[in-house]
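Structural description and commentary
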Protein chains: 2
Amino acid sequence: MEKNIATSIFESLSSGVRLDVFRLLVKKGKDGLVAGEIATALNVPPTNLSFHLKALTQTGLLTVEQEGRFQRYRANLRLMLDLIAYLTEECCAGHPEQCAELREASECCDAVLPALLSTPIKF
Amino acid sequence: MEKNIATSIFESLSSGVRLDVFRLLVKKGKDGLVAGEIATALNVPPTNLSFHLKALTQTGLLTVEQEGRFQRYRANLRLMLDLIAYLTEECCAGHPEQCAELREASECCDAVLPALLSTPIKF
DNA sequence: GTATTATTTCAATGATAGTTGTACTATTGA
DNA sequence: TCAATAGTACAACTATCATTGAAATAATAC
């Protein structure tokens, strides 16, 4: 993952409205929600919501599909996993024993995602 | 995790400098680095780096410890795991079969962190 | 075609973040 | 005590983001 993509994703989620939208769509899974349902659920004016949906879609955190006059949005969980992998690249400089100590110091945990990601995650 | 804490963390990582700092310290593990070493490694002016280190420390992503006249910074990996758990809370409304379909649609992956987190992560 | 609904685009405003230089504090060593 | 070093705090400037209302686009229903 490129750095500017990662920062865009973080910036996307640094707004309370956008964080609420993403988490709501994570809960909804493959069904997703249309824009109006999101606006109702979160009590955000449509104009403002549209602004935030655009930001989330541009970073790739959401996908959008037209359904008649509705726009259906869904969360892109794969991108989130890629982001996690990027963040933890070369964790502890490849010394697992250091990871164990760091885990103790910062209450860090063993990683168990490696098989699922192109880049292993090693806490 | 509270929403405003989560947004603060994302905002922390939405800057290229801060993202570089965090990833560098993840690599360094428990040893961490003192401020001057970070400045040298990333080629950031001390004044500017101090600004970003303060932001990262205030959100809890970094810990800081005084060593004589040096300030040693370390990454807090546990907080990152808590954040991931928060993001994926109630994923797919508790219907694993939906998660599977969403995984297919967005190239999402099976989750394997549950035992390590207070809140299960279920993609 | 006309009206209605869903959503977005645009423009204007106020608020907030990033960078830099200068000045300051604190620790070390002579 | 005095000088040197590590790092931070502050102020000023620029740039960018969030919010809102009004207008525009696009699809459906009558």
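Here's what I pulled together on the structure shown here. (Residues numbered from 1 in each chain as written. Chains lettered and ligands numbered in written order. Predicted model: local features only at pLDDT ≥ 70, side-chain atom pairs only at ≥ 80, totals over all residues. Heavy atoms only, no water.)

**Describing the overall build of chain A**
Scanning chain A from terminus to terminus reveals 6 helices and 3 strands. Secondary structure elements of chain A occur, N-terminal to C-terminal, as α-α-β-α-α-β-β-α-α. Across the 123 residues that make up chain A, the buried fraction comes to 49%. In chain A, the proportion of contacts linking residues at least 24 apart, taken out of those at least 6 apart, comes to 54%. Working note: accessible area of chain A is about 5,800 Å², and carbon and sulfur atoms make up 50% of it. (Helix = DSSP H or I, 4+ residues; strand = E, 2+ residues; numbered from the N terminus. Buried < 20%, exposed > 50% of the residue type's maximum accessible area, 1.4 Å probe, protein only. Contact = heavy atoms within 4.5 Å. Areas by Shrake-Rupley, 256 points an atom, 1.4 Å probe, with all protein chains shown as cover.)

**What to know about the protein's contact with DNA strand C**
Around DNA strand C, the surrounding shell holds 22 residues, and the nearest of these are G36(A), Y73(A), R18(B), T47(B) and H52(B). Of everything in DNA strand C that lies within 4 Å of the protein, sugar and phosphate atoms constitute 69%. Taking H52(B), its side chain carries an N or O atom lying 2.5 Å from a phosphate oxygen of DNA strand C. Elements with a contribution of two residues or more to the surface near DNA strand C: helix 3 (35-42), helix 4 (46-59) and strand 3 (70-75) of chain A together with helix 4 (46-59) of chain B. A breakdown of the residues in the surface near DNA strand C according to their chemical character gives 7 nonpolar, 10 polar and 5 charged. (Near = heavy atom within 4 Å. Polar contact = N/O pair within 3.5 Å; in protein donor to acceptor, adjacent residues only side chain to side chain. Nonpolar A, V, L, I, M, F, W, Y, C, P; charged D, E, K, R; others polar.)

**Section: the protein's contact with DNA strand D**
Of all residues adjacent to DNA strand D, which total 22 residues, the nearest are R18(A), T47(A), H52(A), G36(B) and Y73(B). Of what DNA strand D places within 4 Å of the protein, 73% of the atoms are sugar or phosphate. S50(B) places a polar side-chain atom, nitrogen or oxygen, 3.1 Å from a phosphate oxygen of DNA strand D. Partitioned by chemical class, the residues of the surface near DNA strand D number 7 nonpolar, 10 polar and 5 charged.

**Regarding the packing of helix 1 (residues 3-12) of chain A against helix 5 (residues 77-87) of chain A**
Residue and element names in this part refer to chain A. Packing of helix 1 against helix 5 brings their axes to within 11 Å, and their N-to-C directions diverge by 120°. Between helix 1 and helix 5 lies a crossing whose hand is left-handed. Here K3, A6, I9 and F10 of helix 1 come into contact with helix 5, specifically with L79, L83, Y86 and L87. (Axes fitted to C-alpha atoms, helices over the stretch in contact; angles between N-to-C directions. Left-handed = near helix turned anticlockwise from the far one by under 90°.)

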